[in-house]
2 protein chains.
Amino acid sequence: MNGLKKLINHPEQVVEEMIEGILLAHPGRFERIEKTTVLTRKSTVQLNKVGLVSGGGSGHEPAHVGYVGEGMLDAAVFGEVFTSPTPDQILEAIKAVDYGKGVLLIIKNYTGDVMNFEMAQELAEAEGIQVEKVIVADDVAVEDSTFTIGRRGIAGTVLVHRIAGAMAETGATLQEVKEAAEKVINNVRSMGMAISACTVPAAGKPSFQLADDEMEIGIGIHGEPGINRTKIQSSKEVASILVNKILADFNYENSEVAVLINGLGATPEMELYILNKEVQRILTEKNVAIYKTWVGEYMTSLEMSGVSVTLLKLDNQMKELFAQKVNTLTFQE
Amino acid sequence: MNGLKKLINHPEQVVEEMIEGILLAHPGRFERIEKTTVLTRKSTVQLNKVGLVSGGGSGHEPAHVGYVGEGMLDAAVFGEVFTSPTPDQILEAIKAVDYGKGVLLIIKNYTGDVMNFEMAQELAEAEGIQVEKVIVADDVAVEDSTFTIGRRGIAGTVLVHRIAGAMAETGATLQEVKEAAEKVINNVRSMGMAISACTVPAAGKPSFQLADDEMEIGIGIHGEPGINRTKIQSSKEVASILVNKILADFNYENSEVAVLINGLGATPEMELYILNKEVQRILTEKNVAIYKTWVGEYMTSLEMSGVSVTLLKLDNQMKELFAQKVNTLTFQE
């Protein structure tokens, strides 16, 4: 009995027990680096590519473990819930996936993550490993937030994993993989909203409160405050608010885009697809051509109810990279 | 503004709008039969196999649309939320996927579904189509329920889709595909529990109420009452209750099983994996060998928070069929 309305054993052990449950469910897919919270891609062949490392606080599953595998990441580092992993854990991941061509770190822009990944980078470089980093800051909602200087990194990060991962698989150099990741970062924008909050197990109470008729626009993936709180609105209105804010920030008109409709944890697939319909209607009206769409849970906030919309402007290189094989828990294409 | 804490437009239009959103997200994957709620598998080649039809009330997504495609279903019929599709819609599905080798209906055991699928079967047979049916009743929680005479059909249905679908893909006869489905039905058992309810959009209020410290064991996927309501317990205790009830009903000892840990809609992946760890520990202690595991959302109840555990005793034929190619939204292996 844990005193929380959650299916867990002990609030302090959720990350360790989740990792054990993942390894039991998917034997042969991951290696765990002993005494760490790092899971790496298990490969039957000797890899000769740039290694890709991402991670961050837990509670955003399937991020990041769902993206470890052929065509995406080489390692995911699990922090405590909504808490950055420590530099020593990240260093272990870097060392494990340095196949001789260097390692790229893909970091969501949160102060703790950036600090710890950069510290790990310095430690790895001191050991002679070539390391580069990119920082994803796709959330157009707010310029600074509770946990961030500058924009937050949210669901757009998954598309960075995908493109950088496909690029690395081609045998590209560290610099080329970094450039591919940066191109995604420069062309991707996201924005989210929530109708209910989530509870961090160790905190024991919801991170914020919304009344029965309220929603919060521009919320972050840790429940950080957004732009404004309003009465709950229709899917049509929510789509309009999110897409228009994104389009005001970046010009997607007359271009081809990838669309990611991301559920934050408790939103039924039914509602995600209804929102997708509204988002695509607006984009079509604005002369934005939709090349590819994903609808599902990609970057969650425990049991938060809400969604984010992500748009990525594509070019031919990105379209080719999206067509490459990927084999992870969350993506198989 | 719909007056509900949901991301929808109109409570009466959720199914239609969801179908439109699905078609927009996945062009090329499905055909919609005009003026119906039937989505069929789009194939670039002329199919020469038994056609498989399933469906039921909406609100269980990804069931059943997520299972339409190579190696699984040929058509999914969407009813209104938690309401059986009508016989005329099911008949359209049967006619669309009769490739000349007959059609198998896979029905979850709910009174409305059984009645309407059987009526559609009669109508199709009157038109000269060979139709067989199987009824899935995997839920060991209760012998009869609000909506069912006999046991309810829940997440185990997905494994029937998978095995019958793989069998059909080999070119097997209608009788052989039906026998493969029945073997799964005879060897699969499930049981679920919930810590919070869901709200059918058109009903406007939760289907039941659980206090902040309560959970309900043996709940159905429409919020039908279960066996008993208790104080919330640990993942370890929940796993023990669910698995022991299943093992008391069917002897899985000294056999190889497939395990499906299914989230009912709002339960974080973290909690599903923690439960998986506990389930696998108990199975190992009881000499049940785990051949394959799935953890995720396969048969949901809108935004209900809870889980179900499904066990299927395998034989060599089933293991071979599980190894065959599958390409649907939810399964790609």
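- Under the annotation held in an unreviewed UniProt entry, chain A carries the name phosphoenolpyruvate--glycerone phosphotransferase and is attributed to Saliterribacillus persicus.
- Taken verbatim from the UniProt record of chain A, the Pathway (unreviewed entry) comment is "Polyol metabolism; glycerol degradation."

### Notes on helix α1 (residues 14-25) of chain B
Here's step 1: Helix length check: α1(B) (12 residues) gives 16 Å between terminal C-alpha atoms against 16 Å at 1.5 Å per residue, within 8%.
Here's step 2: Those residues of α1(B) that sit buried are Val14(B), Val15(B), Glu17(B), Met18(B), Ile19(B), Gly21(B), Ile22(B) and Ala25(B).
Here's step 3: At its buried positions, α1(B) is contacted by α7 (269-285) and β11 (289-296) of chain A together with β1 (30-32), β2 (38-41), β3 (51-58) and β4 (75-81) of chain B.

### Details of the packing of helix α4 (residues 156-169) of chain A against helix α5 (residues 174-187) of chain A
Residues and elements named next belong to chain A.
Here's step 1: Two elements in contact, α4 and α5, have axes whose closest approach is 9 Å; the angle formed by their N-to-C orientations is 155°. Between α4 and α5, the angle falls in the class roughly antiparallel. Where α4 crosses over α5, the handedness of that crossing is right-handed. For the pair α4 and α5, contact is made by Leu159, Val160, Ile163, Ala164, Met167 and Ala168 and by Glu176, Val177, Ala180, Ala181, Val184 and Ile185, respectively.
Here's step 2: Classifying every residue of the contact of α4 with α5 by side-chain character gives 11 nonpolar, no polar and 1 charged.

### Regarding the interface of chain A and chain B
Here's step 1: Listed as interface residues are 56 residues of chain A and, on the opposing side, 56 residues of chain B.
Here's step 2: Buried surface at the junction of chain A and chain B, both sides included, amounts to about 4700 Å², of which 62% is carbon and sulfur.
Here's step 3: Taken as a group, Lys5(A), Leu7(A) and Met270(A) account for 19% of the area that chain A buries against chain B, more than any other trio of residues on that side.
Here's step 4: Between the two partners, chain A and chain B, sit 2 salt bridges.
Here's step 5: Between Glu271(A) and Lys6(B) there is a salt bridge, with its nearest N and O atoms 3.9 Å apart.
Here's step 6: Our count for the contact surface shared by chain A and chain B stands at 20 residue pairs in polar contact (both at pLDDT 80 or more).
Here's step 7: At the level of elements, α1 (14-25), β7 (188-196), α6 (235-249), α7 and β11 of chain A are the ones that each hand at least two residues to the side of chain A that touches chain B.
Here's step 8: No other element matches the 9 residues that α7(A) contributes to the side of chain A that touches chain B.
Here's step 9: Of the residues assigned to the side of chain A that touches chain B, the class counts are 26 nonpolar, 14 polar and 16 charged.

### Re the relation of the copies chain A and chain B
Here's step 1: Least-squares fitting of chain A to chain B yields an RMSD of 0.0 Å, with the superposition described by an axial translation of 0.0 Å and a rotation of 180°. Taken together, these values place the two copies in the relation of a two-fold axis. Among all C-alpha atoms of chain A, that of Ala266(A) lies closest to the rotation axis, at 2.0 Å.
Here's step 2: When you check the interface residues of chain A against chain B, 100% turn up at the interface there too, and the contact is symmetric in its surfaces.

### Brief notes about helix α4 (residues 156-169) of chain B
Residue and element names in this part refer to chain B.
Here's step 1: Taking 1.5 Å of rise per residue, the 14 residues of α4 would be expected to cover 20 Å, and the 20 Å separating its terminal C-alpha atoms lies within 8% of that figure.
Here's step 2: Among the 14 residues of α4, 13 are classified as buried, and the element is accordingly described as predominantly covered.
Here's step 3: Looking one or two residues past α4, Gly171 carries a phi angle of roughly 90°, positive in sign.

Procedures and definitions
The residue numbers shown here count from 1 along each chain, following its written sequence. Labels are handed out in written order, letters beginning with A for the chains and numbers beginning with 1 for the ligands. Totals for whole chains, interfaces and linings use every residue, but because this is a predicted model, local features are given only for residues with pLDDT of at least 70 and side-chain atom pairs only at 80 or more, for both listing and counting. Hydrogen atoms and water are omitted, and side-chain values are computed over all heavy atoms in the structure. UniProt positions are given in the numbering used here, feature names are shortened, and annotations may be inferred rather than shown by experiment. Segments assigned H or I by DSSP are reported as helices when at least four residues long, segments assigned E as strands when at least two residues long, and all are numbered from the N terminus. An expected span of 1.5 Å times one less than the residue number is assigned to each helix. Relative accessibility under 20% of the residue-type maximum defines a buried residue, over 50% an exposed one, and the middle range a partly exposed one, all with a 1.4 Å probe and only protein chains included. Here, two residues are considered to be in contact whenever any of their heavy atoms come within 4.5 Å of each other. Convention adopted: a line fitted to C-alpha atoms gives each axis, helices being fitted over their contacting stretch, and angles between N-to-C directions are expressed from 0 to 180 degrees. With respect to orientation, any angle under 35 degrees is reported as roughly parallel, any angle over 145 as roughly antiparallel, any angle of 65 to 115 as roughly perpendicular, and every other angle as oblique. Working rule for handedness: look at the near helix, and if it is turned counterclockwise from the far one by less than a right angle, call the crossing left-handed; if clockwise, right-handed. By the convention adopted, Pro, Cys, Tyr, Trp, Phe, Met, Ile, Leu, Val and Ala count as nonpolar, Lys, Arg, Asp and Glu as charged, and the other residues, Gly among them, as polar. Defined here as a combined quantity, buried area equals the accessible surface (1.4 Å probe) lost by two parts on assembly, summed across both. Salt-bridge detection follows one rule: a side-chain nitrogen of Lys or Arg within 4 Å of a carboxyl oxygen of Asp or Glu. Polar contacts here mean pairs of N or O atoms no more than 3.5 Å apart (in protein, one a potential hydrogen donor and the other a potential acceptor; neighbouring residues in sequence count only if both atoms are side-chain atoms). A residue counts toward the fit only if its pLDDT is at least 70 in both copies, and the copies are then superposed by least squares on the C-alpha atoms of those residues.

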